[in-house]
Amino acid sequence: MQTVTTVAELRAAIKIWRQQGERIAFVPTMGNLHAGHLRLVTVAKQHAERVVVSIFVNPSQFGVGEDFASYPRTEAQDQAQLHSVGADLLFLPGVADIYAADAKTTVNVHGLSELYCGAFRPGHFSGVATVVCKLFNCVQADVAVFGQKDFQQLAVIKTMVRDLHIPIDIIGVATVREASGLAMSSRNGYLSAAETALAAHLYQTLSSTREAILAGNRAYPALEQQATHSLQTLGFKVDYFTVCRSVDLAAAQVDDIDLVILTAARLGKTRLIDNLEITLPPPAQSLSNATKEATDAPQAHLKS
Ligand code: PAF
């Protein structure tokens, strides 16, 4: 695996692969890699001959008082892990390689960026969209791979790609979890042992809410309140726990079919995010089942 730090070196390496007619997949990261990131690289390898990974702790997506300075930087370990899963190139730029000192351009995906995490981290998704757009322009890959753990981030990036006509396919990969159900995250390293044990309740609460919805409960605001209350009782500070439509992240209505439960909650100084998707049977199907039951009943009666 090659490691490059400048855009010029990156482009030179990619040019050679392009001349050979090879497809390129891209996995942007902020480093401190775990099994979730390595899964993204494995999926990327299924879509292209060459896989480029970036490690860049992006200052513009951290707010005042957030963990930019203390965000774990583990480049040597990350490089070894990327090598072991067969990444071809690591792009490791410095801040000055990505942001000109007098940069004047940002990318904003309005609306989506102000919801949920955006409401608690103002400017975060503008920082994400801006850096991802820059990285896409640097790498010019055919496909980019992101984790579905950051469900809202993925929605912001897909919308940006659509709106700006960026010629790249975006692939979302299922969240990789610990045995306890806790979603893997670089920030899990901030948790104490006791907090790590508690943190699994976030996934358990998502799962029990999903079960309730699958069992037919459509009282979404009440389910959100119950879940929030039970997490608070366990010691979480809940930023939000919300049932939304997966297509646009609007609040779910009773006849929506494709849903996602999104949550963010803090344990001590660690902010955790997670989500679970749900696909409900279409109302027409429930209707036709109801019709079928109604028509089956008299037949049974006639037979007896
Ligand atoms: O998900 C992340 O690690 C970051 O938000 C990303 C997409 C690499 C942008 O900095």
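In what follows, the structure referred to is the one given above.
Residues numbered from 1 in each chain as written. Predicted model: local features only at pLDDT ≥ 70, side-chain atom pairs only at ≥ 80, totals over all residues. Heavy atoms only, no water.

**Student:** Quick question: what am I supposed to make of the overall build of the protein here?
**Tutor:** A tally of helices and strands in the protein yields 10 helices and nine strands. Its C-alpha atoms put the protein at 80 × 45 × 40 Å along the principal axes. Here the protein, with 304 residues, has 49% of them falling under the buried criterion. Within the protein, contacts between residues separated by at least 24 positions form 72% of all contacts whose residues are at least 6 apart in sequence. Total accessible area on the protein is roughly 14,800 Å²; 55% of this is exposed by carbon and sulfur atoms. Both charge centroids of the protein, one from 25 positive and one from 28 negative side chains, sit 1 Å from each other. (Helix = DSSP H or I, 4+ residues; strand = E, 2+ residues; numbered from the N terminus. Buried < 20%, exposed > 50% of the residue type's maximum accessible area, 1.4 Å probe, protein only. Contact = heavy atoms within 4.5 Å. Areas by Shrake-Rupley, 256 points an atom, 1.4 Å probe, with all protein chains shown as cover. Lys, Arg positive; Asp, Glu negative; His and termini not counted. Charge placed at Lys NZ, Arg CZ, Asp CG, Glu CD.)

**Student:** Would you mind showing me how to read helix α1 (residues 7–19) here?
**Tutor:** Across its 13 residues, α1 extends 18 Å between first and last C-alpha, which sits within 8% of the 18 Å expected from 1.5 Å per residue. For α1, every residue scored as buried is listed here: Val7, Leu10, Ala13, Ile14 and Trp17. With its buried residues spanning 130° around the axis, α1 presents them on a single face. Summarising the geometry of α1, the exposed residues directed more than 90 degrees from the buried face are Ala8, Lys15 and Gln19. (Expected span 1.5 Å × (residues − 1). Arc of directions from axis to C-beta.)

**Student:** How should I be thinking about the sheet that holds strand β2 (residues 24–29) in this particular structure?
**Tutor:** Strands belonging to one sheet form pairs held by backbone hydrogen bonds; the direction of such a pair is parallel or antiparallel. If you trace the six strands from one edge of the open sheet to the other, you get β1-β4-β3-β2-β5-β6, paired in parallel fashion. Sheet topology places β1 (2–4) and β6 (169–173) at the edges, where each strand pairs with a single neighbour. Averaged over all pairs of adjacent strands, the angle between strand axes in this sheet comes to 25°, irrespective of strand direction. Pairing of strand β5 (residues 143–147) with β6, which is carried by five bridges, proceeds in the parallel orientation. From the neighbouring strand, Ala144 faces β6, where its bridge partner is Ile170. Lying on the sheet, α1 is in contact with β1, β2, β3 (50–55) and β4 (89–91); it crosses β4 at an angle near 155°. The strands touched by helix α3 (residues 75–84) are β1, β3 and β4; relative to β3, the strand with the most contacts, the crossing angle is about 165°. (Pairing = 2+ DSSP bridges. Axes fitted to C-alpha atoms, helices over the stretch in contact; angles between N-to-C directions.)

**Student:** What's the story with the packing of helix α8 (residues 193–214) against helix α9 (residues 220–234) in this structure? I'm lost.
**Tutor:** Taken N-terminus to C-terminus, the directions of α8 and α9 make an angle of 160°; their axes are 10 Å apart at the nearest point. With respect to their mutual orientation, α8 and α9 come out roughly antiparallel. Crossing geometry of α8 relative to α9 is assigned as right-handed. Taking contact as the criterion, the partners of Leu198, His201, Leu202, Thr205, Thr209, Ala212 and Ile213 in α8 are, on α9, Tyr220, Leu223, Ala227, Ser230, Leu231 and Leu234. Its residues assigned to classes, the contact of α8 with α9 comprises nine nonpolar, four polar and no charged. (Parallel < 35°, antiparallel > 145°, perpendicular 65-115°, else oblique. Left-handed = near helix turned anticlockwise from the far one by under 90°. Nonpolar A, V, L, I, M, F, W, Y, C, P; charged D, E, K, R; others polar.)

**Student:** It is not clear to me how the environment of Glu75 should be interpreted in this structure. Could you clarify?
**Tutor:** Positionally, Glu75 belongs in helix α3. Assessed through its relative accessible area of 40%, Glu75 is described here as partly exposed. Taking the C-alpha atoms as reference points, Glu75 and Gly94, separated by 19 residues in sequence, lie 13 Å from one another.

**Student:** What is the right way to look at the nonpolar core in this model?
**Tutor:** In summary, soluble globular proteins display a tendency toward joint burial of nonpolar side chains. The biggest cluster of nonpolar side chains holds 49 residues, and the ones touching the most others in it are Leu10, Val52, Phe136, Met160 and Ile170. The set of elements that each furnish at least two residues to this core consists of α1, β2, β4, α6 (124–139), β5, α7 (151–163), β7 (237–245) and β8 (258–267). Per-element accounting of this core gives the leading share, 10 residues, to α6. In this view, Leu10 contacts Val4, Val52, Leu89, Phe91, Cys138 and Val139; residues no more than four positions away in its chain are not counted. Grouped together as the second largest cluster of nonpolar side chains are 23 residues, Leu182, Ala227, Ala252 and Leu272 included. (Core = buried A, V, L, I, M, F, W, Y, C linked by side-chain atoms within 4.5 Å.)

Purely spatial values, then, with no claim about function.
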